Amino acid sequence: WNISEGRCIKTLKGHCERVNSVSYNNDGQFIISASLDSKIKIWDVNTGKCVQTLNNHAQGVISALFSNDGKSIISNSMDKTIRIWSSDLIMRLENDCSLNLNNAKCVLNLVGHSEIIRSVSCSPNGQYIVSASNDKTIRIWDINAYEEIQTLKEDFEVWSLLKLKNKDEMVAGG
């Protein structure tokens, strides 16, 4: 959208179901979209073309975002998983979007929630991921160690997380 003119300047078409989230990478050259069609798409902002489709989730994808350092993609899904996607993909996208991106792959699958994962957030240094779920938990994951390091229990379903301020502070809502 052009906000000052109040008009749509480009529509990105490619998903078969509702799109649940969209976000830019750090330099604003690419957009990532997550959909109930179980796919994640990466779009070139200038051309409006989809340059890569990631489809490893078994059910609808709730959200997907670029990591803070821009070297990976983090996604969460109705299939109760968090997936971390190949850093090679992102480096290629940022350096030359005309390269063959067909080798993108899921490099880490984090499992622990018993219900739909509604939100994920990344620590400023990229080492930790926090996830919120309908199972009334917030889980903190160390992606370098490939493991969950803490579970916080709530009295309600947790639907939203604000980006981690640091390793010890975050905001959650449900």
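Residues numbered from 1 in each chain as written. Predicted model: local features only at pLDDT ≥ 70, side-chain atom pairs only at ≥ 80, totals over all residues. Heavy atoms only, no water.

Peer 1: Hey, could you go over the pattern of salt bridges for me, with residue numbers and the actual values?
Peer 2: With the rule as written, the count across this model stands at 4 salt bridges. Residue R7 pairs with E5 through a salt bridge whose shortest N-O separation is 2.4 Å. The salt bridge partner of R139 is D135, with a shortest N-O separation of 3.8 Å. For the pair formed by R139 and D135, the shared burial category is buried. (Salt bridge = Lys/Arg side-chain N within 4 Å of Asp/Glu carboxyl O. Buried < 20%, exposed > 50% of the residue type's maximum accessible area, 1.4 Å probe, protein only.)

Peer 1: Residues and numbers for the layout of surface pockets, please.
Peer 2: Its volume calculated, the largest pocket comes out at about 460 Å³. Surrounding the largest pocket, 18 residues form its lining, W1, K10, T11, L12 and I31 being those nearest its centre. Looking at the lining of the largest pocket, the elements with two or more residues in it are strand 1 (19-24), strand 2 (30-35) and strand 3 (40-44). Among the elements that line the lining of the largest pocket, the one with the most residues is strand 1, at 4 residues. A breakdown of the residues in the lining of the largest pocket according to their chemical character gives 10 nonpolar, 5 polar and 3 charged. Estimates place the volume of the second largest pocket at around 220 Å³. Along its surface, the second largest pocket is lined by 13 residues, and S72, I84, G126, I143 and N144 are the ones closest to its centre. Class assignment of the residues belonging to the lining of the second largest pocket gives a composition of 6 nonpolar, 6 polar and 1 charged. (1 Å grid on protein atoms, 1.4 Å probe; cavity = no way out; pocket = protein on both sides within 12 Å on 5 of 7 lines; lining within 4 Å. Points joined across faces, edges and corners; volume = space filled by probe spheres on them. Helix = DSSP H or I, 4+ residues; strand = E, 2+ residues; numbered from the N terminus. Nonpolar A, V, L, I, M, F, W, Y, C, P; charged D, E, K, R; others polar.)

Peer 1: I'd love a proper account of the sheet that holds strand 11 (residues 137-142), names of residues and values included.
Peer 2: The strand order across the open sheet built from 4 strands is 9-10-11-12, with neighbouring strands paired in antiparallel fashion. Both outer strands of the open sheet, strand 9 (117-122) and strand 12 (147-153), are each paired with one neighbouring strand and no more. Each neighbouring strand pair of the sheet contributes to a mean axis angle of 20°, computed without reference to strand direction. (Pairing = 2+ DSSP bridges. Axes fitted to C-alpha atoms, helices over the stretch in contact; angles between N-to-C directions.)

Peer 1: So what about the pairing of strand 1? Which residues, and what values?
Peer 2: Successive residues of a regular strand alternate their side chains across the two faces of the sheet. By the bridge criterion, 5 bridges tie strand 1 to strand 2 in an arrangement that is antiparallel. Considered in strand 2, the bridge of Y24 is made with I31. Between strand 1 and the antiparallel strand that follows it, strand 2, lie 5 residues; G28 among them carries a positive phi value of about 75°.

Peer 1: Could you give me a rundown of the environment of H15, with the residues and numbers involved?
Peer 2: Looking at the element boundaries, H15 is found in the segment before strand 1. Residues H15 and S33, 18 residues apart in the sequence, show an inter-C-alpha distance of 8.9 Å. What H15 contacts, discounting residues up to four positions off in sequence, is S33, A34, S35, D37, K39, K41 and W43. Side-chain polar atoms of H15 contact the side chain of S33, separated by 2.7 Å. A distance of 3.0 Å separates polar atoms of two side chains, one belonging to H15 and the other to D37. (Contact = heavy atoms within 4.5 Å. Polar contact = N/O pair within 3.5 Å; in protein donor to acceptor, adjacent residues only side chain to side chain.)

Peer 1: Break down the sheet that holds strand 6 (residues 73-77) for me, with residues and values.
Peer 2: Adjacent strands of a sheet pair through backbone hydrogen bonds, lying either parallel or antiparallel. With respect to topology, 4 strands assemble into an open sheet ordered 5-6-7-8, the strand pairing being antiparallel. Edge positions in the open sheet fall to strand 5 (61-66) and strand 8 (106-111), since each of these has one partner strand only. Strand-to-strand twist of the sheet, defined as the mean angle between neighbouring strand axes without regard to direction, takes the value 15°. With 4 bridges joining them, strand 6 and strand 7 (residues 81-85) adopt antiparallel strand pairing. Within the sheet, the bridge partner assigned to I73 lies in strand 7 and is W85.

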